[in-house]
Amino acid sequence: MAYDFDKIARDYDRMNHLMTAGLDRCWRKRAVQGLHGKVLDVACGTGDMVVELLRTRHAASLQVTGVDLSEEMMAIAKRKAPQAEYRLADVERLPFGEASFDAVTCAFGVRNFVHLEQGLHEMLRVLKPGGRMVILELATPDSSLIRPFYNLYTRRIIPWLGQRLAGSREAYTYLPRSIERFPKGDAFLQLIQNSGFRIQESCQRKLTFGVCRMYVINKEAAA
């Protein structure tokens, strides 16, 4: 991972909800709709995506596994959603066999992969043919009207909040920088297409003026 998230685990949830005015909950809720069976949540962090999965109307039929590299973050996830399974593991070397899961999710984690292509390859490797991968990621909005306000908020206000509330300006200076350099939209979808797996369909949806993007990738079913 590009940043040691153990350092900010205690304040991570509070800062996430504050920075997004609670919209991160709405984005996750939308991302988990329609998923079923065995679901792997990559870079699960403090478990907010796992919690949303276990709140869906299909929750009784779900088997949810969370994977993360941060022990401190995962400890919080286990307290919030103890009914899920958890594995301390690197997304670039997932400890699961091929085609192990019906769905794979990742919320606001892919931009932190050290080797993005390898991480995406692993996520698709463990996804069953006909399965679905859903990724949420923050993005710089396209609108020239909104972008200046967004840049002011992410580059100035968020680091200030990070210092005042979480005691870490460094972590929340890293955040906007990681968003700015991350491939978004069609560029990100092209990486998926180049993963070496057959993709039946891939699309993106801009949420909240494009500050968040939801990528939905359906792996081609077996012949």
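Everything numeric here is computed off the predicted structure, so don't read it as measured data.

K.L.:
How would you sum up the packing of helix α1 (residues 9–19) against helix α4 (residues 71–80)? Please name residues and give values.
P.N.:
Packing of α1 against α4 brings their axes to within 8 Å, and their N-to-C directions diverge by 65°. When the axis of α1 is compared with that of α4, the two are roughly perpendicular. Listed contacts from α4 to Ala 9, Arg 10, Tyr 12 and Asp 13 of α1 are Glu 72, Met 73, Ile 76 and Lys 80. Class assignment for the residues of the contact of α1 with α4 results in four nonpolar, no polar and four charged.

K.L.:
Can you tell me about the side chain of Arg 213, naming the residues and giving the values?
P.N.:
Topologically, Arg 213 is positioned in strand β7 (residues 212–219). For Arg 213, a relative accessible area of 3% corresponds to the buried category. Within the structure, Arg 213 has its side chain in polar contact with the side chain of Asp 142 (distance 2.9 Å). Excluding residues that lie within four positions of it along the chain, Arg 213 makes contacts with Ile 135, Leu 136, Glu 137, Ala 139, Asp 142, Lys 184, Gly 185, Gln 204, Arg 205 and Lys 206.

K.L.:
Can you tell me about the packing of aromatic side chains, naming the residues and giving the values?
P.N.:
In the structure shown here, the tally under the stated rule is four aromatic pairs. Measuring from ring centre to ring centre gives 4.6 Å for Phe 188 and Tyr 215, while their planes differ by 55°; the resulting arrangement is tilted. Of this pair, Phe 188 sits in helix α8 (residues 186–193) while Tyr 215 sits in strand β7, and the two are 27 residues apart along the sequence. Judged by its relative accessible area of 0%, Phe 188 falls in the buried class. The class for Tyr 215 is buried, based on a relative accessible area of 1%. The cationic tip of Lys 38 hangs over the ring face of Phe 101; the distance from NZ or CZ to the ring centre is 5.4 Å.

K.L.:
Lay out α8 in plain terms, naming residues and giving numbers.
P.N.:
Of all the residues in α8, the buried ones are Phe 188, Leu 189, Leu 191 and Ile 192. The arc that holds every buried residue of α8, seen down its axis, measures 150°, which confines them to one face. Residues of α8 that are buried make contact with α5 (116–125), β5 (127–138), β6 (199–207) and β7.

K.L.:
An account of the nonpolar core is requested, with residue identities and associated values reported.
P.N.:
In terms of nonpolar packing, the biggest core is built from 36 residues, with Trp 27, Tyr 86 and Leu 136 touching the most fellow members. By residue number, the principal contributor to this core is helix α3 (residues 48–53), which donates four residues. Those residues within four positions of Tyr 86 in sequence are excluded, and the remaining contacts are Cys 44, Val 50, Gly 66, Met 74, Ala 77, Lys 78 and Ala 81. Formed by 29 residues, the second largest nonpolar core is a distinct cluster that contains Val 67, Phe 101, Val 104 and Phe 188.

K.L.:
With reference to specific residues and values, describe helix α2 (residues 23–31).
P.N.:
Within α2 the residues assigned to the buried category are Asp 24, Trp 27, Arg 28 and Ala 31. Within α2, the buried residues cover an arc of 95° as seen down the axis, which keeps them to one side. Buried residues along α2 sit in contact with α1, α3, β4 (101–107), β5, β6 and β7.

What counts and how
- Residues numbered from 1 in each chain as written.
- Predicted model: local features only at pLDDT ≥ 70, side-chain atom pairs only at ≥ 80, totals over all residues.
- Heavy atoms only, no water.
- Axes fitted to C-alpha atoms, helices over the stretch in contact; angles between N-to-C directions.
- Helix = DSSP H or I, 4+ residues; strand = E, 2+ residues; numbered from the N terminus.
- Parallel < 35°, antiparallel > 145°, perpendicular 65-115°, else oblique.
- Contact = heavy atoms within 4.5 Å.
- Nonpolar A, V, L, I, M, F, W, Y, C, P; charged D, E, K, R; others polar.
- Buried < 20%, exposed > 50% of the residue type's maximum accessible area, 1.4 Å probe, protein only.
- Polar contact = N/O pair within 3.5 Å; in protein donor to acceptor, adjacent residues only side chain to side chain.
- Phe/Tyr/Trp six-rings, centres within 6.5 Å; stacked < 30°, edge-to-face > 60°.
- Lys NZ or Arg CZ within 6 Å of the ring centre and 35° of its normal.
- Arc of directions from axis to C-beta.
- Core = buried A, V, L, I, M, F, W, Y, C linked by side-chain atoms within 4.5 Å.

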